[in-house]
Amino acid sequence: MQQYIAAVDHLNKVVKYVASAMFVALVVLVFFQVITRFIINFPLAWSEEISRYLTIYIVFLGSALAVRNREHIAIDFLMDVVSAAKKRKLQFIVSIISTVFFIILCYYGTVLTFTVIGQLTPTLQFSIAWVYAAVPLGSLIMALNGIANICSQRLDYETAVGGETK
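Residues numbered from 1 in each chain as written. Predicted model: local features only at pLDDT ≥ 70, side-chain atom pairs only at ≥ 80, totals over all residues. Heavy atoms only, no water.

Draft legend 1. Structural context of the side chain of Glu-49. Inspection of the secondary structure assignment puts Glu-49 in helix α2 (residues 45-68). Put simply, Glu-49 is tucked away with no salt bridge, and the nearest opposite charge, on Arg-52, sits 5.3 Å away. Polar contacts involving the side chain of Glu-49 include one to the side chain of Thr-121, which spans 3.1 Å. Excluding residues that lie within four positions of it along the chain, Glu-49 makes contacts with Thr-121, Pro-122, Thr-123 and Leu-124. (Helix = DSSP H or I, 4+ residues; strand = E, 2+ residues; numbered from the N terminus. Buried < 20%, exposed > 50% of the residue type's maximum accessible area, 1.4 Å probe, protein only. Lys, Arg positive; Asp, Glu negative; His and termini not counted. Salt bridge = Lys/Arg side-chain N within 4 Å of Asp/Glu carboxyl O. Polar contact = N/O pair within 3.5 Å; in protein donor to acceptor, adjacent residues only side chain to side chain. Contact = heavy atoms within 4.5 Å.)

Structural data, given as structure tokens:
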């Protein structure tokens, strides 16, 4: 389990760098778009389209990172009213349900991506499937992070009760 967690954490470092590079590219592209639209008065349609697609990828990759760090928004009412022992079990159940959701999202995202493979983007004329691929890619990484969270919680539980952690 610890090797899997380490591998997922390494993957997350790569994802963080990719998402950061995409964000920098997005900022530069939007700045370039503003310059060409309002100063040169010659808007470039392709820059708006690429900006939109970069935003989609940044959201899905960032969401995957947020899963591992447990930084997604949540309704924590139940966490406030249950005891510490039940809180751990509730977090475990939430992690399992979330991971199942990510796996389902990955499956249907893949189906949708293959469904639109013949459609082209309006301006750049490449397959829209590359844009839709953000859904299965992001949800796959979310599922991997969800499994890593489950493993971490299991290891924490075993350590707390004095069990084996191998």
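Draft legend 2. How the structure looks around a nonpolar patch on the surface. A surface patch of nonpolar side chains, about 660 Å² in accessible area, is lined by Val-30, Val-34, Phe-38, Ile-39, Ile-40 and Phe-42. Residue position: Phe-42 is located in the loop between α1 (2-39) and α2. (Patch = residues over 30% accessible without salt bridge, like charges linked within 9 Å, V, L, I, M, F, W, Y side chains within 5 Å. Areas by Shrake-Rupley, 256 points an atom, 1.4 Å probe, with all protein chains shown as cover.)

Draft legend 3. Representation of the environment of Asn-145 in the model. Inspection of the secondary structure assignment puts Asn-145 in helix α6 (residues 134-161). According to the relative accessible area criterion, Asn-145 is buried, its value standing at 0%. As for Asn-145 and Arg-68, which are separated by 77 residues in sequence, their C-alpha atoms are 5.0 Å apart.

Draft legend 4. Expanded view of the environment of Leu-29. Here Leu-29 is to be found in helix α1. By relative accessible area, Leu-29 is classed as buried at 12%. Residues Leu-29 and Leu-54 lie 25 residues apart in sequence; the distance between their C-alpha atoms is 10.0 Å.

Draft legend 5. Region of interest: the side chain of Ser-51. Relative to the elements of secondary structure, Ser-51 occurs in helix α2. What makes Ser-51 buried here is its relative accessible area of 7%. Excluding residues within four positions of it along the chain, Ser-51 makes contact with Leu-26, Leu-29, Val-30 and Gln-33.

Draft legend 6. Seen up close, the confidence of the model for the chain. Mean pLDDT over the chain: 90, with 96% of residues reaching 70 or higher. Per-element mean pLDDT across the chain ranges from 78 in helix α3 (residues 77-81) up to 96 in helix α5 (residues 129-132). (pLDDT = per-residue confidence, 0-100.)

Draft legend 7. Here's a closer look at the nonpolar core. Core analysis: the largest hydrophobic core is formed by 18 residues, its most contacted members being Met-22 and Leu-61. Of all the elements in the fold, those that place two or more residues in this core are α1, α2 and α6. Sort the elements by how many residues they give to this core and α2 lands first, with seven residues. In this structure, Tyr-53, Val-116, Ile-128 and Val-131 belong to the second largest nonpolar core, which totals five residues. (Core = buried A, V, L, I, M, F, W, Y, C linked by side-chain atoms within 4.5 Å.)

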